[in-house]
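Observations on the model geometry
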Amino acid sequence: MSAKLNALTSDSYIEVSQYRDQHFKGNRYEQEKLLKQSNTLYVGNLSFYTTEEQVHELFSKCGDVKRIIIGLDKIKKTACGFCFDASWSR
């Protein structure tokens, strides 16, 4: 698994999606530059029972995880199957 994640650290692999934040204050070039420098990793398709500790344990094997944000159902306040590993450094 770490070999697959290590592929993400290569600059030649970086490809910015076509999605653009319509509220970004700046031009497209500035936005793409910031996106390429971003160190936030989105992880989807998680079990609703996945804990922050489990995510941290898994991704800390590949690099330094600064912060984990688990998506919560806004009514029940329970995990809803995705998270962000923010400020993940390679």
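Here the structure is a predicted model, which means the values were calculated and not measured.

**Description of the pairing of strand β3 (residues 79–86)**
Relative to β3, strand β1 (residues 41–43) is paired through three bridges, and the arrangement is antiparallel. Bridging across to β3, L41 finds its partner in D85. Pairing between strand β2 (residues 67–72) and β3: five bridges, direction antiparallel. Its bridge partner being in β3, L72 is matched across the sheet by A79. Hairpin connection, β2 to β3: the antiparallel pair is bridged by six residues, and K77 has positive phi, about 60 degrees.

**What about a nonpolar patch on the surface?**
Taken together, the side chains of Y42, I69 and F84 define a hydrophobic patch exposed on the protein surface, amounting to about 280 Å² of accessible area. Within the fold, F84 resides in strand β3.

**Notes on the sheet that holds β3**
Spatially, three strands are ordered β1-β3-β2 in an open sheet, and the strand pairing comes out antiparallel. On the outer flanks of this sheet lie β1 and β2, each paired with one strand and no other. Between one strand axis and the next, the sheet turns by 20 degrees as a mean value, whatever way the strands run.

**Details of the confidence of the model for the protein chain**
Scored by pLDDT, the protein chain has a mean of 80; 77% of the residues are at 70 or more. When pLDDT is averaged over each element of the protein chain, β2 comes out on top at 92 and helix α1 (residues 2–6) at the bottom at 57.

**Details of the packing of aromatic side chains**
Following the criterion strictly, the structure yields three aromatic pairs and no others. An angle of 85 degrees between the planes, with centres 6.0 Å apart, marks the rings of F82 and F84 as edge-to-face. The partly exposed category is assigned to F84, whose relative accessible area is 31%. An aromatic cluster of three or more residues is present, and its members are Y42, F82 and F84.

About the cut-offs
Residues numbered from 1 in each chain as written. Predicted model: local features only at pLDDT ≥ 70, side-chain atom pairs only at ≥ 80, totals over all residues. Heavy atoms only, no water. Pairing = 2+ DSSP bridges. Helix = DSSP H or I, 4+ residues; strand = E, 2+ residues; numbered from the N terminus. Patch = residues over 30% accessible without salt bridge, like charges linked within 9 Å, V, L, I, M, F, W, Y side chains within 5 Å. Areas by Shrake-Rupley, 256 points an atom, 1.4 Å probe, with all protein chains shown as cover. Salt bridge = Lys/Arg side-chain N within 4 Å of Asp/Glu carboxyl O. Axes fitted to C-alpha atoms, helices over the stretch in contact; angles between N-to-C directions. pLDDT = per-residue confidence, 0-100. Phe/Tyr/Trp six-rings, centres within 6.5 Å; stacked < 30°, edge-to-face > 60°. Buried < 20%, exposed > 50% of the residue type's maximum accessible area, 1.4 Å probe, protein only.

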